[in-house]
Amino acid sequence: MSSKKRSTDKVTRRDFLKVGAVAGASAILAACAPKATEPAAAALPDLTSGNAIPMDELVAAAKTEGELTTIALPHDWANYGEMIDTFKAKYGTKINELDPNAGSADELAAIEANKDSKGPQAPDTVDVGVGHTANAMAKGLFAKYKVSTWDTIEMKDPDGYWWAEYYGALAFEVSKPEIENSPQDWEDLLKPEYKGKVAMAGDVLKSNQSVMTVYAAGLSRSGGDKTKAAEMGLQFWKEVNDAGNFIPVIADQGTIAQGETPIVMEWDYLALANRDALAGNPETEIIVPKTGVIAGPYAGGISAFAPHPYTARLWWEFIMSDEGQLIYLKGYAHPIRFNDMAKRGVVPADLAAKLPPAEAYANAVFLTVDELQAATTYITENWRKVVYGE
Amino acid sequence: MGITNEKLTVQSKGDAPMARPPRKRASVVNWLPLAPFFLFATMFLFLPSISIFIGSFESADGGFTFNNIIALFTVKDFINAYKASLTISAITAVGGAVFGFLLAYAVVLGGLPKGLRTFMITFSGVASNFAGVPLAFAFIATMGNNGLVTRWLESAFNFDIHAGGFTIYSITGLSIVYMYFQFPLMVLIMAPALDGLHQEWSEACANLGGTSWHYWRYIAFPILIPSLLGTTILLFGNAFGAYATAYAFSGSFINLVPILIGAQMQGDVLFNPGLGNALALGMVFIMSISMIGYISLQRRAARWLQ
């Protein structure tokens, strides 16, 4: 038996060498291939300056790629479904959508893991929480590009490595059959009538949305003082919890419909989309609190290792154009260029009317990347200690 | 539920402990059908365990460190999490064992109609696998603040279950939820053990003038005790590793080890895989001890089931 085994080994080894030779040959071929196409590449517009590429050139360059790889774009989140379909129809591009439920950290990990790969697992563009841009830039994961509407974008990296595309404000989603008098501000949540009725849409230790829920309440208490917001936010939620008002169930459409979580804090565009999906069963009311209105912007970026760099830039040109920005608005997300578009009168009145009143957003507070990171660290490290007293 | 299945195979295989046949050298061909199992076990059990072990000694920037392991014994949050996990596992294991045993006894030896037994065993098979998000939602929808049962008690009997400070979102509440899959598992495993009590033993006891008490005290219970204890340990492990149920039920409100690991590994916010791995290593350690206990007790139990 042992001699038989040895002979098998030999064959395997020989096979292995053969395979190795083939692999080596193909590697050489592969190494040659880029050289052959170089003349064509030279004709394409420059990517290194980060300046906007004229649309006709960009469209032509994107045509040679014909494909775009996106990640973490749920179709019911900020109307990304329509965004993707419109882009496909307009430019005849194939869109390869990676995991729609990935979180911001996963998106950056996907870029990093596929640095050396041009395959279908390498995302061209990402849409991440603004706080994650610092990490992405430190690791050199983003390429700079300033879209043609750059000047009217209100929140962005000065060098063009990322820019906000849309934002939402934290709002109360209130299930009407359960709650007669809707809370109007954060302090209202402490009222005895809301005992066991106040929930968050995520776990503070895991979700950025819930960290911001803590922060926003604190901002309301501190009268807008950002330095005290994190601490006072924890104190506020401790009181909500001590009063028995906080219910630790993580709210989603199911628990809202069933009535277990009648008051939920979440981004207004998700709450409004929920309202549409629930279609009156139950009736819900979306309220932007009077004080402590926190804006949650998302940031767009292009992978520094994008397999389809021109299509990626075209994607952002489209999204940051009036047309793309209005698609966000249809999904109840506030486009970042809203003020510019409103000034020029290109926001259709019926679209604007579906949002909570514009005054509610007037004093929305935007956090810088540093402020976001500091608040997140403080809140997650102290949440359990302060709120649950552990 | 892999644990249960393994357990059942051990039982039905019936390795005669008294007289082992002389061992034959197994040929490679005989092992071949097991290859998929070994492949599966390697990929989903051994490799992840090794990666957990290695990852436990990795710092956030990829270097070697003991800090993660030290943190297990020093950070209050982690100690509390182990305490809570152990408490809830112990409560539901013992509770599940007692109720499950009584139920299994009633079904197998209680002289109930045959149909009821089939029904109970089938139900237990289904219920012991009912866990995760659906189970959590089922309890939220029935016993939550706005649950069907809560509301019905209020309207029909004017009884407020929250009056005494009780809330379903607590260790007690979560224990009730866990019991839903714990005691059916006990029924499933204890039913064959009770079947293994031969009629002749109780008859022999009666012939020698023993009472029912004597029979249980000196015959049935000593035979059953390895099964009982073994299954209790199994229930303990079953609850100890549960994650989805607890998370869907109340997020990180109840500080359990699996929930803490989840926050370290995949959160938007906290992110320290090394710590997550160290926490998991602690769980693997505790689970290994309970599995060793289970296997050795099961060996003893198997003797009487021939």
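Residues numbered from 1 in each chain as written. Chains lettered and ligands numbered in written order. Predicted model: local features only at pLDDT ≥ 70, side-chain atom pairs only at ≥ 80, totals over all residues.

1. What to know about the overall build of chain B
Across its full length, chain B carries 14 helices and zero strands. With 306 residues in all, chain B has 33% of them scored as buried. For chain B, restricting intrachain contacts to residue pairs at least 6 apart in sequence, the fraction spanning at least 24 positions comes to 77%. (Helix = DSSP H or I, 4+ residues; strand = E, 2+ residues; numbered from the N terminus. Buried ≥ 20, exposed ≤ 12 C-beta atoms within 10 Å, placed from the backbone. Contact = placed C-beta atoms within 7 Å.)

2. Structural notes on the nonpolar core
One finds Tyr215, Ile294 and Ile379 of chain A together with Met186 and Val187 of chain B to be the most contacted residues of the largest nonpolar core, which totals 164 residues. In terms of residues, this core owes the most to one element, helix 9 (residues 171-195) of chain B, which gives 13 residues. Both domain 1 (55-166 + 296-358) and domain 2 (167-294 + 363-387) of chain A contribute no fewer than three residues apiece to this core. If we ignore the near neighbours within four places in the chain, the residues touching Val187 of chain B are Gly100, Leu103, Ala104, Val107, Met120 and Ser124 of chain B. (Core = buried A, V, L, I, M, F, W, Y, C linked by C-beta atoms within 7 Å. Domains from an automatic or database assignment.)

3. Some words on helix 10 (residues 309-320) of chain A
An α-helical segment advances 3.6 residues per turn. Residues three or four places apart therefore align on the same side. Residue and element names in this part refer to chain A. Spanning 12 residues, helix 10 covers 17 Å between terminal C-alpha atoms, matching the ideal 16 Å at 1.5 Å per step. Buried residues dominate helix 10, accounting for 12 of its 12 residues. Inspection of helix 10 places Pro309, Tyr310, Thr311, Ala312, Arg313, Leu314, Trp315, Trp316, Glu317, Phe318, Ile319 and Met320 among the buried residues, and these make up the whole buried set. (Expected span 1.5 Å × (residues − 1).)

4. Structural notes on the interface of chain B and chain A
Interfaces are often sized by the amount of accessible area the parts lose when they come together. In this assembly, 20 residues from chain B lie in contact with 25 residues from chain A. Elements that contribute at least two residues to the side of chain B that touches chain A include exactly helix 5 (76-109) and helix 7 (133-143) of chain B. If you tally residues by element for the side of chain B that touches chain A, the top one is helix 7 of chain B, at three residues. For the side of chain B that touches chain A, the per-class residue count stands at nine nonpolar, nine polar and two charged. (Nonpolar A, V, L, I, M, F, W, Y, C, P; charged D, E, K, R; others polar.)

5. Here we look at the packing of helix 5 of chain B against helix 9 of chain B
All names here are of chain B. Their axes nearest at 6 Å, the elements helix 5 and helix 9 cross at an angle of 40 degrees. Relative to helix 9, helix 5 is oriented oblique. Where helix 5 crosses over helix 9, the handedness of that crossing is right-handed. For the contact of helix 5 with helix 9, the class distribution of residues is 22 nonpolar, seven polar and one charged. (Axes fitted to C-alpha atoms, helices over the stretch in contact; angles between N-to-C directions. Parallel < 35°, antiparallel > 145°, perpendicular 65-115°, else oblique. Left-handed = near helix turned anticlockwise from the far one by under 90°.)

6. Some thoughts on unusual backbone geometry
Residues and elements named next belong to chain A. Omega for the peptide link from Asn281 to Pro282 comes to 0 degrees, which places this bond in the cis form. You can see Pro282 is positioned in the loop between helix 9 (268-278) and strand 8 (284-287). One non-glycine residue with positive phi stands out, namely Ala72, at about 60 degrees. Looking at the element boundaries, Ala72 is found in the loop between strand 1 (67-71) and helix 3 (80-91).

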